[in-house]
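# Fold and geometry: a report
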Amino acid sequence: MFEVQSYTGTKSQSYEQLLKQLDSLLEGEDSVTANLANASALLNQFLDNVNWVGFYTMNHGELVLGPFQGLPACVKIPNGKGVCGTATKERATQLVPDVHQFPGHIACDAQSQSEIVVPIIVNDKIFGVLDIDAPIKERFDETDHHYLEQFVETLKKHL
C-alpha cells in the first residue's frame, strides 16, 4: 500500500528518495498505462506549485494525451509544436521559465506560467514526453532538470 510521503532534506536528497520510490512502485508491473498513471500520481504528490503533471505518447507522428494529473488537456500535439513538440523534435529537455516567452507555446491551461518537458526516448525512438506545468514563473531549475531526466530514465526500465 502506498502512503503520502513526507520529503525532508535537500531538494536533491528528496529527488533521490523519489527515484527509489518510483522504481519500487513500478517493480514487476508490465502495464505501460498503469506505470505512466502511477508515475504521474507520484510526481504530482511530490512536487509543489504545479498544476499539471502527465505524459503524452507518440502515435503516428504526433503526441497524444496519456495518463496525467490536472485539468483536462490538449489531446493531440503535432511534432515540433509547442514545448512538448519541441522537446520531441530536438530530443532534448525543455526548461521554460515563462511559457509566454516561448514561441508557439500551446496554452492548454491558462494558469500555466512555466513548464518543463522531458522527452522519453526508447531504443532511439521517441516514446513520448513527461510534461509538467506550474502556475508560477521560474518554478523549475537545473536540479529539477537533472532529476526529472533521471525520473524518466528510471521510468523507462518499466515501459
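First things first, this report covers the structure right here in the doc.

Conventions and cut-offs
- Residues numbered from 1 in each chain as written.
- Predicted model: local features only at pLDDT ≥ 70, side-chain atom pairs only at ≥ 80, totals over all residues.
- Heavy atoms only, no water.
- Core = buried A, V, L, I, M, F, W, Y, C linked by side-chain atoms within 4.5 Å.
- Buried < 20%, exposed > 50% of the residue type's maximum accessible area, 1.4 Å probe, protein only.
- Helix = DSSP H or I, 4+ residues; strand = E, 2+ residues; numbered from the N terminus.
- Contact = heavy atoms within 4.5 Å.
- Salt bridge = Lys/Arg side-chain N within 4 Å of Asp/Glu carboxyl O.

### Brief notes about the nonpolar core
- If you look at the biggest cluster of nonpolar residues, it comprises 27 residues, and the most contacted ones within it are Leu-18, Leu-43, Leu-130, Ile-132, Leu-148, Phe-151 and Leu-155.
- Elements supplying a minimum of two residues to this core: α1 (11-26), α2 (32-46), β1 (52-59), β5 (114-122), β6 (125-134) and α4 (142-156).
- Those residues in contact with Leu-130 that sit more than four places away from it in its chain are Leu-43, Gly-54, Phe-55, Ile-116, Val-117, Val-118, Ile-120, Leu-148, Phe-151 and Val-152.
- By size, the runner-up hydrophobic cluster in this structure holds 13 residues, among which are Tyr-56, Leu-63, Val-83 and Val-96.

### Description of the pattern of salt bridges
- Overall, the coordinates contain nine salt bridges when judged by the stated rule.
- Residue Asp-124 is joined to Arg-91 by a salt bridge in which the shortest nitrogen-to-oxygen separation is 3.0 Å. Within this pair, whereas Asp-124 is found in the loop between β5 and β6, its partner Arg-91 is found in the loop between α3 (82-90) and β4 (94-96), the two being separated by 33 residues in sequence.
- Beyond isolated ion pairs, a larger network of salt bridges with shared partners links Lys-11, Asp-48, Arg-139, Asp-141 and Asp-144.

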